[in-house]
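The residues making up each chain are set out below.
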Amino acid sequence: MLRIGFTLGASRAGVAALVVPLALAWASRSAVSQEIDVYPRRIGAEIARDEFTRDVAALRVRPGRNERRTPSANEFVLGPTARAKHVVQFRPARAGRVLIEANWSAPVSLRVDAIPPGKTGAYRSNESASPLRLEFDVTPEQAQRRDSWTVVVANRSGRDVSGRLSVAYPGGGRITLVSPAGGEERADADSAETGSGPANRPIDLLEGLQSDVNLERVELQSILGIRAEVYEDQDEEAGTFYFLPAAYYLRWDEDQGYGLQVLYRGIDTEGEARGMVHFSADLSARIGIRDIEAAEILLHAYLKRAGRSVREPALTPMPLDGSPRLALADNLTRIWDIDPDRVAVSAPSAVLDELTIEWVADDRVATDMQPKLLEGGVNGDILFDPSGDGLPAQSVPVEIALRDPNTYGRIEWQRGASWENNTPYGIVVKRLHALLLEKSDGTPRVVSWDLRDKPVPPGKRLRIRGAAAGVPDWLDELALLVWVEYVVDQDCARCDDQALASIMSGATRSERRFATISALDNLFADVGAVAIVISVGTDYSVPGGDAWHEWEVVLEGDGQAASVGPLYPPADAGSPFLYLVTLRMADGAEHRGNWVASPGLNLHIGLSQVEESLGRIPGRDL
């Protein structure tokens with residue numbers, strides 16, 4: 001059974017600057033004029049290659065064996081000829097998103113084709129250096145055929161290449177390795193259920209973690225994508241270990257934008273004119289091949305460190321007990337007075353499936369929720385009941401917020417490449433981190449470099465000059481992950497407007513705007529006031545313009561400015577708001593005026609605006 005509960009409020013402390021898997025791509029070429037160069041500065045003592053290893057078998061620890069896993073559909077070895085291909089097949093159980101990821105160490109490009117059933121040509125293709133990502137949707141019509149799709153990894157580089165392939169698709173399950181010569185097919189052991197279910201024997205992949213900057217476990221978990229505690233199968237001889245996602249985040253990519261839609265409807269489903277607003281949020285665990293590969297290396301190192309001999313240890317997603325069920329906690333109802341009958345959650349059949357949450361609110365509630373969707377967001381927990389009755393229910397966090405770095409994904413650093421900020425927000429890069437294994441005993445260690453809080457506006461490219469700043473070349477070979485810690489601009493009204501505009505649609509939606517109130521030069525001397533209070537009132541505080549709301553702005557000096565809102569004025573609104581001026585004098589007296597219509601969203605307060613509201617200038621004979 002799967003249960004879910006939500007709250008609306010502050011985002012989780014400690015994870016705001018660290019995010020999971022790669023959603024923001026680096027490019028090998030960029031417009032130099034758009035690049036922002038950063039030269040990292042080492043944090044802590046200098047490091048040397050001989051301190052670290054990636055070869056778990058070479059660890060100097062207690063006796064134990066490290067068995068190499070039998071090659072599977074997730075692993076490929078391609079020769080240098082054009083005929084070298086790795087071919088797998090999968091069969092989607094239903095319509096939905098397919099994510100294909102390939103990763104290899106050689107500095108060459110490979111091509112990946114996704115071929116639909118009954119076709120010979122590719123439905124989607126991509127050719128690039130590692131890592132390669134291919135993502136598309138299986139339509140309901142395609143899913144109804146229940147036939148196998150084919151994925152082909154082709155090597156035209158003229159070099160030997162070995163790597164790993166991951167295919168995540170609706171329903172999950174078995175993928176099949178197909179011999180390029182037409183030989184027998186065999187099921188991928190990683191995807192088949194080979195064990196008895198998880199036992200209540202957790203293994204901490206981050207045991208003994210060391211860090212230059214004292215990263216907390218929850219921070220590194222959000223980078224790995226996989227929760228640090230994994231559980232061994234009830235049958236110790238199975239060699240199977242089960243994992244859960246670190247969290248589920250709002251889906252976002254630079255091509256399709258946010259997995260969040262806010263639809264304003266003129267009438268509700270019963271035909272009554274109520275201006276109802278429909279919310280739909282797609283959430284994803286976003287666990288890719290890089291995450292599983294890093295976690296498996298950490299698992300092998302842990303077993304080696306513990307002196308355990310486990311034949312072919314393998315990580316696999318946590319199996320669930322039957323078809324999952326969801327029970328939404330009453331937070332949306334209790335906090336926002338949303339009818340429980342207007343809340344729906346699509347239940348995933350596997351822990352790596354996407355999750356969709358939908359709810360319906362009226363205009364006023366929808367307006368009040370928008371700031372929370374920006375900052376703090378909709379937060380909650382998913383409770384999984386693992387199969388086999390050997391492990392109690394497990395909780396996984398859910399986070400939905402447009403200003404949360406977790407929404408945009410991990411930025412993995414690639415030497416010599418630049419990264420383009422394709423998000424609606426400016427970001428500030430904080431530090432460069434690398435996850436390594438100590439050569440002495442295999443304990444995980446994070447080494448870091450300061451990136452000097454460099455801002456990267458939307459549309460600009462970031463280039464981290466590693467070689468020129470002491471980030472050693474051997475890091476590329478030995479590090480399990482190298483990523484950029486960053487934060488998202490929390491004070492950009494224009495960015496908020498762009499983000500919200502991209503998720504909102506519908507017949508009754510008005511554009512979300514902010515009003516700017518400012519004091520002209522010499523105003524305070526001319527009116528003799530110590531403070532000027534501007535009251536702003538409008539009917540357009542909600543889409544549709546039927547709810548009066550007031551804000552108050554206190555100006556205490558010439559040139560000061562402030563924003564109020566959001567407002568939703570229609571395009572033909574003659575005046576988006578009314579304003580009222582109150583003068584506070586040094587002797588404690590106050591002079592309050594009357595409401596005046598503003599000619600636009602930008603209101604500059606001078607003598608004429610004061611006189612129009614008050615009917616006079618106090619202290620002057622008019």
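Residues numbered from 1 in each chain as written. Predicted model: local features only at pLDDT ≥ 70, side-chain atom pairs only at ≥ 80, totals over all residues. Heavy atoms only, no water.

*Asks:* Any chance you could break down the overall build of the protein chain for me, citing the residues and the numbers?
*Replies:* Of the regular secondary structure elements, the protein chain holds 10 helices and 44 strands. Burial analysis of the protein chain (622 residues in total) assigns 53% to the buried set. At a minimum sequence separation of 6, the contacts of the protein chain that also span at least 24 residues come to 75%. Summing over all exposed atoms, the protein chain offers an accessible surface of approximately 26800 Å²; the carbon and sulfur share of this is 45%. (Helix = DSSP H or I, 4+ residues; strand = E, 2+ residues; numbered from the N terminus. Buried < 20%, exposed > 50% of the residue type's maximum accessible area, 1.4 Å probe, protein only. Contact = heavy atoms within 4.5 Å. Areas by Shrake-Rupley, 256 points an atom, 1.4 Å probe, with all protein chains shown as cover.)

*Asks:* Can you explain the sheet that holds strand β16 (residues 198–204)? Please cite residues and give values.
*Replies:* Read from one edge of the open sheet, four strands run β16-β18-β19-β25, paired in mixed fashion. The open sheet has two edge strands with one neighbour each: β16 and β25 (314–317). Ignoring strand direction, the axes of neighbouring strands in this sheet form an average angle of 40°. Judged from the four bridges that link them, strand β19 (residues 240–243) and β25 form a sheet pairing that is parallel. Residue pairing for β25: Tyr 242 is matched across the bridge by Thr 316. (Pairing = 2+ DSSP bridges. Axes fitted to C-alpha atoms, helices over the stretch in contact; angles between N-to-C directions.)

*Asks:* Requested: an account of unusual backbone geometry, with residues and values cited.
*Replies:* Omega for the bond connecting Ser 130 with Pro 131 falls within 30 degrees of zero, at -5°, which places this linkage in the cis form. Structurally, the position occupied by Pro 131 is in the loop between β10 (124–129) and β11 (132–138). Phi is positive for Asn 214, close to 55°, though the residue is something other than glycine. On the secondary structure map, Asn 214 appears in the loop between β17 (210–211) and α2 (217–224). Phi at Asn 522 takes a positive value of approximately 70°, unusual for a residue other than glycine. Here Asn 522 lies in the loop between β37 (513–519) and α9 (523–527).

*Asks:* Could you give an account of helix α8 (residues 493–503), naming the residues involved and the relevant values?
*Replies:* For α8, the complete set of buried residues consists of Cys 495, Asp 496, Ala 499, Leu 500 and Ile 503. One face of α8 carries all of its buried residues, which in axial projection span an arc of 125°. Counted as exposed and oriented over 90 degrees from the buried face of α8: Arg 494 and Ser 502. (Arc of directions from axis to C-beta.)

*Asks:* Any details on the environment of Leu 580? Residues and values, ideally.
*Replies:* Considering the arrangement of structural elements, one finds Leu 580 in strand β41 (residues 578–585). Assessed through its relative accessible area of 2%, Leu 580 is described here as buried. Distance in space between the C-alpha atoms of Leu 580 and Val 610 is 8.7 Å, their sequence separation being 30 residues. Not counting residues up to four positions away in its chain, the partners in contact with Leu 580 are Val 533, Ile 534, Ser 535, Arg 592, Gly 593, Asn 594, Trp 595 and Ser 613.

*Asks:* Which residues make up the confidence of the model for the protein chain, and what values do they have?
*Replies:* Here the protein chain averages 79 in pLDDT, and 80% of its residues register 70 or above. Segment residues 179–194 is flagged for pLDDT under 50; beyond a separation of four residues in sequence, or across chains, it makes 29 contacts in the model. Ignoring residues within four places in sequence, the model shows residues 267–273, a span with pLDDT below 50, making seven contacts including any to other chains. (pLDDT = per-residue confidence, 0-100.)

*Asks:* How would you explain the pattern of salt bridges if you had to name every residue and give the values?
*Replies:* Here the structure, examined in full by the defined rule, presents 33 salt bridges. The salt bridge partner of Arg 201 is Glu 232, with a shortest N-O separation of 3.9 Å. Here Arg 201 is found in strand β16, whereas its partner Glu 232 is found in strand β18 (residues 229–233), with 31 residues between them in sequence. The exposure class assigned to Arg 201 is partly exposed, which follows from its relative accessible area of 30%. Glu 229 is paired through a salt bridge with Arg 227; the nearest N and O atoms lie 4.0 Å apart. When its relative accessible area of 12% is taken as the criterion, Arg 227 is described as buried. Counted as one network, the salt bridges with shared partners bring together Arg 97, Glu 101, Arg 133, Glu 135 and Asp 137. (Salt bridge = Lys/Arg side-chain N within 4 Å of Asp/Glu carboxyl O.)

*Asks:* Talk me through α2; I want residue IDs and the actual numbers.
*Replies:* α2 sits mainly inside the fold: six of its eight residues count as buried. When we look at burial in α2, the residues that qualify are Glu 219, Leu 220, Gln 221, Ser 222, Ile 223 and Leu 224. After α2 finishes, the residue Gly 225 shows a positive phi value of roughly 85°.

*Asks:* Describe the sheet that holds β37, and please don't skip the residues or the numbers.
*Replies:* Judged by pairing direction, the sheet is mixed, and its three strands sit side by side in the order β40-β37-β44 without closing on themselves. Taken across any chain shown, the strands that pair with only one partner, and hence form the sheet edges, are β40 (561–567) and β44 (602–605). Direction aside, neighbouring strands of the sheet carry axes that sit 20° apart on average. Inspection of the sheet shows β37 paired to β40 by five bridges, in the antiparallel sense. Within β40, the position partnered with Arg 513 by the bridge is Leu 567.

*Asks:* Describe the state of the cysteines, with residues and values.
*Replies:* Evaluation of the coordinates by the stated rule reveals one disulfide. Between the sulfur atoms of Cys 492 and its disulfide partner Cys 495 the distance amounts to 2.1 Å. Judged by the sign of its S-S torsion, about 70°, the bond between Cys 492 and Cys 495 is right-handed. (Disulfide = S-S within 2.5 Å.)

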